[in-house]
Amino acid sequence: MSGALAVDFTLVIAGFIGMEAVTYVVHRFVMHGPLESLHRSHHRNAAAAFADKRPEPNDVFPAAFSLVVLAALWVGFNLSGFAWLVPLFVGVTVYGIVYTAIHDGIIHGRVAWMKRIDTRWTRSLTLAHRAHHRANSEPYGMLLPSLTMHERSVRNQVARSGSRPSQVPVDQ
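Cut-offs used in this document
Residues numbered from 1 in each chain as written. Predicted model: local features only at pLDDT ≥ 70, side-chain atom pairs only at ≥ 80, totals over all residues. Heavy atoms only, no water. Helix = DSSP H or I, 4+ residues; strand = E, 2+ residues; numbered from the N terminus. Contact = heavy atoms within 4.5 Å. Salt bridge = Lys/Arg side-chain N within 4 Å of Asp/Glu carboxyl O. Buried < 20%, exposed > 50% of the residue type's maximum accessible area, 1.4 Å probe, protein only. Expected span 1.5 Å × (residues − 1). Polar contact = N/O pair within 3.5 Å; in protein donor to acceptor, adjacent residues only side chain to side chain. pLDDT = per-residue confidence, 0-100. Arc of directions from axis to C-beta. Core = buried A, V, L, I, M, F, W, Y, C linked by side-chain atoms within 4.5 Å. Phe/Tyr/Trp six-rings, centres within 6.5 Å; stacked < 30°, edge-to-face > 60°.

**Looking at the overall build of the protein**
Part 1 of the argument: Per the secondary structure count, the protein includes six helices and zero strands.
Part 2 of the argument: Listed N to C, the secondary structure of the protein is α-α-α-α-α-α in terms of helices and strands.
Part 3 of the argument: Sequence-distant contacts in the protein: of pairs separated by 6 or more residues, those separated by 24 or more amount to 61%.

**Some remarks on the pattern of salt bridges**
Charged atoms that come close allow side chains of opposite charge to pair.
Part 1 of the argument: The final tally for this structure, using the stated rule, is one salt bridge.
Part 2 of the argument: Among the ionic pairs, Asp118 bridges to Arg123, the shortest N-O distance being 2.6 Å.
Part 3 of the argument: Residue Asp118 is classed as partly exposed on the basis of its relative accessible area, which comes to 42%.
Part 4 of the argument: Its relative accessible area of 24% is what places Arg123 among the partly exposed residues.

**Describing helix α4 (residues 85-107)**
It helps to recall that an α-helix has 3.6 residues per turn; residues three or four apart then point in one direction.
Part 1 of the argument: Here α4 is 23 residues long and its end C-alpha atoms lie 31 Å apart, about the 33 Å a rise of 1.5 Å per residue gives.
Part 2 of the argument: Looking one or two residues beyond α4, the residue adopting positive phi is Gly109, at roughly 65 degrees.

**Overview of the side chain of Thr23**
Part 1 of the argument: Along the polypeptide, Thr23 turns up in helix α1 (residues 3-31).
Part 2 of the argument: At 3.2 Å, the side chain of Thr23 forms a polar contact with the side chain of Tyr95.
Part 3 of the argument: Not counting residues up to four positions away in its chain, the partners in contact with Thr23 are Tyr95, Tyr99 and Tyr140.

**Some thoughts on the confidence of the model for the protein**
Part 1 of the argument: With 78% of its residues at a pLDDT of at least 70, the protein reaches an overall mean of 79.
Part 2 of the argument: Per-residue pLDDT, averaged within each element of the protein, yields its smallest value for helix α6 (residues 151-161) (47) and its largest for helix α3 (residues 60-78) (95).
Part 3 of the argument: Below a pLDDT of 50 lies the segment residues 151-172, which in the model reaches 46 contacts outside its immediate sequence neighbourhood of four places, other chains included.

**Some points on α3**
Part 1 of the argument: In a regular helix each residue adds 1.5 Å, so 19 residues correspond to 27 Å; α3 covers 27 Å between its end C-alpha atoms and thus fits that length.
Part 2 of the argument: Of the positions making up α3, those classed as buried are Phe61, Val69, Ala72, Leu73 and Gly76. Projected down its long axis, α3 carries its buried residues within an arc of 105 degrees, all on one side. What points out from α3, more than 90 degrees from its buried face, is the exposed set Leu67 and Leu70.

**Some points on the nonpolar core**
Part 1 of the argument: Ranked by internal contacts, the top residues of the largest apolar core, which has 18 residues, are Phe89, Ile102 and Met142.
Part 2 of the argument: It is α4 that provides the largest number of residues to this core, a total of nine residues.
Part 3 of the argument: When residues no more than four places from it in sequence are discounted, the contact partners of Phe89 are Val68, Val69, Ala72 and Leu73.

**Comments concerning the packing of aromatic side chains**
Part 1 of the argument: Scanning the model with the defined rule gives two aromatic pairs in all.
Part 2 of the argument: With centroids separated by 6.1 Å and ring planes inclined at 40 degrees, the aromatic side chains of Tyr95 and Tyr99 adopt a geometry described as tilted. Pair noted here: Tyr95 and Tyr99 are both in helix α4, with a separation of four residues, about one helical turn.
Part 3 of the argument: Overall, Tyr99 belongs to the partly exposed group, its relative accessible area being 26%.
Part 4 of the argument: Linked through ring pairs, Phe16, Tyr95 and Tyr99 together constitute an aromatic cluster.

Below, the structure is given as C-alpha cells:
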C-alpha cells in the first residue's frame, strides 16, 4: 500500500470511528438539549411516523448532517490543501449508511429482512436503544452503547425477558 493510500485509508477509518463520538455528543447535548423539541418526535412516533410515511421534526437532523458532509466534500474536492477532507468524510458517509441500516433496519424494524437479523450484538443494540427511548438517558451513542451503558445490564434485560425484544421501542 502506498503512503498516500495508507493515509487516505486511515482518514476513512478515523471518519467512521470519530462519528460515534460525534453521534454521542450531538445526541446527548443537542438532541436532548436545546433541540429536544425536534428530537422528541422520534421518541414518541418512531414507528407511527414511518408507517404513515410522513416526515417528522426529527428528520431535520439527518438532513443537517448531510449538508455538513456535502459542504466538506465540496471543500475537499475544490479547495487546494483540503483534499484530506474527502477520505475523512467518506468515512463519515459510511458511518451514516451503517447507522441508518442499524437504527432504521434492525432496531426499529423498518426493513423487513433486516429485522430478522438476530445476533448478540443486534440484541444488545436493540435493548440499549429501547432503554434510551424509555428513560431519555444513556446510551446516546449508536454502534457501541456498551461504552456508556453497563453490558451486564443489557445481558440482565435479555435474561429477564427470556426472549428477543420487539423491534420497535415502546413509546413513552
